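Residue-level structural notes
These are the residues of each chain, in order.
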Amino acid sequence: MAKTIMIVDDSASLRQVVGISLRSAGYDVLEGSDGADALKKLTGQKVHLIISDVNMPNMDGISMVKEIKKLPAYKFTPIVMLTTESADGKKAEGQAAGAKAWMLKPFNPPQLLAVVQKLVLP
Amino acid sequence: MHPEGVRFRIIEGHRRAEQSDANDQGFRTSAALSQVENLPMPTTTHAFPDSTPLLPRWQTTAFALAAGVTTVACGRGLSSAIAASAMLVAGAWLDRRRQGRDERARQASAAFVASTDRLGHDVLPVWAAHIENSRQQMETAVAALTQRFAGIVDRLDQTLRASGQGDDKGLSAAFAHSNDELRGVLDSLKDAMASNAAMHTEVQNLSRFVAELQQMAAEVADIAQQTNLLAINAAIEAAHAGVEGRGFAVLAQEVRKLSALSGATGQRMADKVGVIGEAIRVARDAAQASARREAASALASEGAINGVLDRFRGVTQAMEASTAELKQESAGIQVEIVEALVQLQFQDRVSQRMTHVRHNIERLPDLLSASRRSFDASGALAPVDAEALLGELEGSYAMADERATHAGGAPMAAPQAAAAPLEEVTFF
């Protein structure tokens, strides 16, 4: 059964690029347009990995990670931050919130898939 | 610079803004604003002279005192009275002129502050709206473009999968199957020819039996003839014996009849064997002719089948070659499209930059309104805190190239995606 990955980004085009990369590798993809939207869509779903932007309207990525980590069903779900944000302070915030990896945009599909395969358990 | 100098330049900027036509009002106003921002930032607010009657009338008071001193000094003459009056009038005139100038300056300042407030409420929202609209249009267009590219990648993927099946398992398998089938037909033909050859050999063998049968028939006829001779001799001997030999003569007569019958039977056998032998010869000749025709037909069939298979192989190989080329080209196009999709991520970066600038622009109207409220309350010009605004803008940056642009360095090239997997990735 295909693993499900959620991509959270306020840029529709970036969600599509990530979605193409993941679907071509055989993953199912869910999309969220910001942190609040992602939290809403996670309810009742089984998601194996979350890839999220940091700077988003309504709820930013770091806050979303903190909220997700409070959910028993997603406490151990790996979260990758995919962002243009390169400041070390922000990375430290992401790590403290519970993110598993910090990846800079722009990304290459093979690079993204390597990270996904490393974090998604078979 | 002296505060008066600051005020003068502000008024001049505002006056030019008022003189401009309606079309470039915003530009002129922003020019006036930038002129203010380019000025050395005063550390305190600047109060304009108050128009209340007590303080500004020092010139009237000074001239009145001077007139009194002149009157006392010069006695009570008419000239001293005239001089004192003239000094009082001059003092009042100078006082009034100064008041008028201060009032005009205050009104100009109020108009300038009001115009910057309008700039904040009327012009800057339009700028921000243009930026946001452009950002949204770009995002919509890039999203649509990405969607199209995604569709092309999907279709190429499906085509590649379909051609992969047709190439490796379809065409080759079809050819191999057809080859096996047709070789089977050829083998069947060859088997049939072998059966015919075996039958021909059997017919040849029958010919040999016919000769034996003819020999046997000839032997039967010969035996009958010799038996007839024996019966004749027996009859002669019976005649010599007289009455005693009469019975033996009857026996000899019967043996002659039997030998005649045997001879006739042997002849009929020879005749039938001859007929059979002829039929067998005809059948053998027919079988030989049939075998020759079948051999020729089988040869022609084998040639035709080999020709068909060769052509089929040629078509299959050509199709395999074109399929392989198509696969290679399709894979290349896929790579190109994926690369294009990677490059389209510029939109995300540009969108973020535009959003940061828009948010900073949207902060300015409130600051200008606060400046106006401060002016209305105190009559003092309160400069917009550009440093704070710049600080807010800088604080909103997410990308290194944004910070480099802010610092005023040379424009940075947009960062490229990492070439190697897991490069530029931090695992916690």
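In this section: the overall build of chain B. Assigned secondary structure in chain B consists of 8 helices and 3 strands. Ordered by position from N to C terminus, the α and β elements of chain B give α-α-β-α-α-α-α-β-α-α-β. Across the 428 residues in chain B, those meeting the buried criterion constitute 14%. For chain B, the share of sequence-separated contacts (at least 6 apart) that also reach a separation of at least 24 residues comes to 80%.

In terms of regular secondary structure, chain A is built from 5 helices and 5 strands. The secondary structure elements of chain A, listed N-terminal to C-terminal, are β-α-β-α-β-α-β-α-β-α. Here the analysis covers contacts within chain A between residues at least 6 apart in sequence; of these, 60% occur between residues at least 24 apart.

Ile51(A), Val80(A) and Met103(A) are the most contacted members of the largest nonpolar core, which has 37 residues in total. Counting residues per element, this core draws most heavily on helix α1 (residues 12-24) of chain A, at 5 residues. Aside from chain neighbours lying at most four places away, what touches Met103(A) is Val80(A), Met81(A), Leu82(A), Val115(A), Glu424(B) and Val425(B).

Turning our attention to the pairing of strand β5 (residues 101-104) of chain A. Residues Ala101(A) and Met103(A) point to one face of β5(A) and Trp102(A) and Leu104(A) to the other, with burial holding for every one of them. Relative to β5(A), strand β4 (residues 79-83) of chain A runs parallel, the two sharing 4 bridges. Counterpart to Met81(A) in the pairing with β5(A) is Trp102(A). For the segment spanning β4(A), helix α4 (residues 88-97) of chain A and β5(A), crossover handedness is right-handed. Relative to strand β3 (residues 425-427) of chain B, β5(A) is paired through 3 bridges, and the arrangement is antiparallel. In the strand pairing of β3(B), Trp102(A) is matched with Thr426(B).

What follows deals with helix α5 (residues 109-119) of chain A. Listing the buried residues of α5(A) in full gives Pro109(A), Gln111(A), Leu112(A), Val115(A) and Val116(A). An end-on view of α5(A) places all buried positions within 165° of arc, on one side of the element.

Residue and element names in this part refer to chain B. Residues of chain B with pLDDT of at least 70 account for 80%, and the chain-wide mean is 78. Overall, residues 1-55 carries pLDDT values under 50, and its contacts beyond four positions in sequence, including any with other chains, amount to 60 contacts. Across the interfaces of the predicted complex, the ipTM metric reaches 0.90, alongside a pTM of 0.61.

Now for the sheet that holds β5(A). The mixed open sheet is built from 6 strands, whose spatial order is β2(A)-β1(A)-β3(A)-β4(A)-β5(A)-β3(B). The open sheet has two edge strands, β2 (28-32) of chain A together with β3 of chain B, and neither has a second partner. Between one strand axis and the next, the sheet turns through 20° on average, direction left out of account. Taken together, the 4 bridges between strand β1 (residues 4-8) of chain A and strand β3 (residues 49-52) of chain A define a ladder with parallel strand orientation. Looking across to β3(A), one finds that Ile5(A) is bridged to Leu49(A). Contacts from α1(A) reach β1, β2 and β3 of chain A within the one sheet, and its direction differs from that of β2(A) by about 165°.

Our focus in this paragraph is the environment of Ala114(B). All names here are of chain B. In this fold, Ala-114 is placed in helix α4 (residues 78-241). Residue class for Ala-114 comes out partly exposed when judged on the 15 C-beta atoms lying within 10 Å of it. The spatial distance from the C-alpha of Ala-114 to the C-alpha of Leu-368 is 9.0 Å, given a sequence separation of 254 residues.

The next thing to look at is the interface of chain B and chain A. Taken together, the 32 residues of chain B in the interface contact 29 residues of chain A. In terms of residue count, the dominant contributor to the side of chain B that touches chain A is α4(B) (8 residues). When its residues are assigned to classes, the side of chain B that touches chain A shows 19 nonpolar, 8 polar and 5 charged.

With that settled, consider the environment of Trp127(B). When you line up the elements, Trp127(B) lands in helix α4. Taking the C-alpha atoms as reference, Trp127(B) lies 8.0 Å from Ile361(B); in sequence the two are 234 residues apart.

Calculation criteria
Residues numbered from 1 in each chain as written. Chains lettered and ligands numbered in written order. Predicted model: local features only at pLDDT ≥ 70, side-chain atom pairs only at ≥ 80, totals over all residues. Helix = DSSP H or I, 4+ residues; strand = E, 2+ residues; numbered from the N terminus. Buried ≥ 20, exposed ≤ 12 C-beta atoms within 10 Å, placed from the backbone. Contact = placed C-beta atoms within 7 Å. Core = buried A, V, L, I, M, F, W, Y, C linked by C-beta atoms within 7 Å. Pairing = 2+ DSSP bridges. Right-handed = clockwise from strand over helix to strand, strands pointing away. Arc of directions from axis to C-beta. pLDDT = per-residue confidence, 0-100. Axes fitted to C-alpha atoms, helices over the stretch in contact; angles between N-to-C directions. Nonpolar A, V, L, I, M, F, W, Y, C, P; charged D, E, K, R; others polar.

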